[in-house]
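Here's the letter readout for the chains.
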Amino acid sequence: MSFLTVLPLAVVMVAGTQLVVAIFLASSDRPRAASSGFLAGAGLVVVAGVTVSWLLTRVLGGLANDASTAARKVDSGPAIDLVVLALLVVMAVVIWVRRDRSGPPRWLGSVSHADPRWAARTGALLFVVTPTDDLTMATVGATVARHDLPWWHLVPFVLLTVLLLAVPLLALVLLGSKAARVLARMRSWAEGHAWIVNEIVIAFFALLTVLDLLKSG
């Protein structure tokens, strides 16, 4: 396994409200400054989230391996795979339950006048309070640690997550006056179809996890 395996989960991180907020900020009074603040806040939370999960998994996995060695039992790899699989199932259920929730949150009415500080706080809080994002960060960190990969293997996932969030801002910079139409289409897609893409990505990653379990068995 390499860091490429967890990259598709970056789509799950941003598809939905996160992308809708990024689109609103790209259409605000100060789009570049507000969007940059939003990306910074979101990026910091994602770095912290996957890092904490990676560290906890390494520590707990090491303790479990020490105990298993002393008791002459198997390693902790399959147990971590089961935890990851459980997280993926919970994620899929949460996304399915929330699939009919359409339309932007009510608090987005103030986004049009957002400053960088407000946008940064919003970016951070949005990823902290969203269950699917918390579960995804836990899954990514645990998966990378389970395969004994170093911390820097988390960096491409973080960068891709931030890059996907930056798509509305990039559209604004590259397309100028034509960006409004593109942003409207992106918002419509995120509100209506993002959950389908999320479920497909989760199913793919769950399949990879099951294959890991079969190999270790």
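Since the structure is predicted, the reported quantities are computational estimates derived from the model, not experimental observations.

Definitions and cut-offs
- Residues numbered from 1 in each chain as written.
- Predicted model: local features only at pLDDT ≥ 70, side-chain atom pairs only at ≥ 80, totals over all residues.
- Heavy atoms only, no water.
- Helix = DSSP H or I, 4+ residues; strand = E, 2+ residues; numbered from the N terminus.
- Buried < 20%, exposed > 50% of the residue type's maximum accessible area, 1.4 Å probe, protein only.
- Contact = heavy atoms within 4.5 Å.
- Areas by Shrake-Rupley, 256 points an atom, 1.4 Å probe, with all protein chains shown as cover.
- Core = buried A, V, L, I, M, F, W, Y, C linked by side-chain atoms within 4.5 Å.
- Patch = residues over 30% accessible without salt bridge, like charges linked within 9 Å, V, L, I, M, F, W, Y side chains within 5 Å.
- Salt bridge = Lys/Arg side-chain N within 4 Å of Asp/Glu carboxyl O.
- Expected span 1.5 Å × (residues − 1).

**Re the overall build of the protein**
Helices and strands together make up the secondary structure of the protein, namely 10 helices and zero strands. Buried residues in the protein amount to 43% of all 217 residues. Relative to all contacts within the protein whose residues are 6 or more apart in sequence, the contacts with residues 24 or more apart total 85%. Counting only carbon and sulfur atoms, one obtains 68% of the accessible surface of the protein, whose full area is about 11200 Å².

**Quick look at unusual backbone geometry**
Positioned with a positive phi, Asp148 is a non-glycine residue whose angle comes to about 60°. Within the secondary structure, Asp148 sits in the loop between helix H6 (131–146) and helix H7 (155–165).

**Points about the nonpolar core**
Ranked by internal contacts, the top residues of the largest apolar core, which has 48 residues, are Leu25, Phe38 and Phe157. Per-element tally for this core: the top contributor is helix H3 (residues 31–70), with eight residues. Discounting chain neighbours no more than four positions away, the residues touching Phe38 are Gln18, Val21, Ala22, Leu25, Ala119, Ala120, Thr122, Gly123, Leu126 and Leu165. With six residues, the next largest nonpolar core counts Leu19, Ala171, Leu183 and Met186 among its residues.

**Thoughts on helix H2 (residues 17–26)**
For H2, the tally of buried residues reaches eight of 10 residues, placing the bulk of the element in the interior. Residues Gln18, Leu19, Val20, Val21, Ala22, Ile23, Leu25 and Ala26 constitute the buried set of H2.

**A short note on a nonpolar patch on the surface**
Residues Leu163, Leu170, Val173, Leu174, Leu175 and Val182 make up a contiguous nonpolar surface patch of roughly 520 Å² in combined accessible area. With four residues, helix H8 (residues 167–175) is the single largest residue contributor to the nonpolar patch.

**Some thoughts on H6**
For H6, with 16 residues, the first-to-last C-alpha span of 22 Å sits near the 22 Å given by 1.5 Å per residue. Burial of H6 is extensive: 13 of the 16 residues sit out of reach of the surface. Of the residues flanking the end of H6, it is Asp148, one or two places downstream, whose phi is positive at about 60°.

**With respect to the side chain of Thr136**
Among the secondary structure elements, Thr136 is positioned in helix H6. Those residues in contact with Thr136 that lie beyond four places of it in its chain are Leu9, Val12, Met13, Met91 and Phe157.

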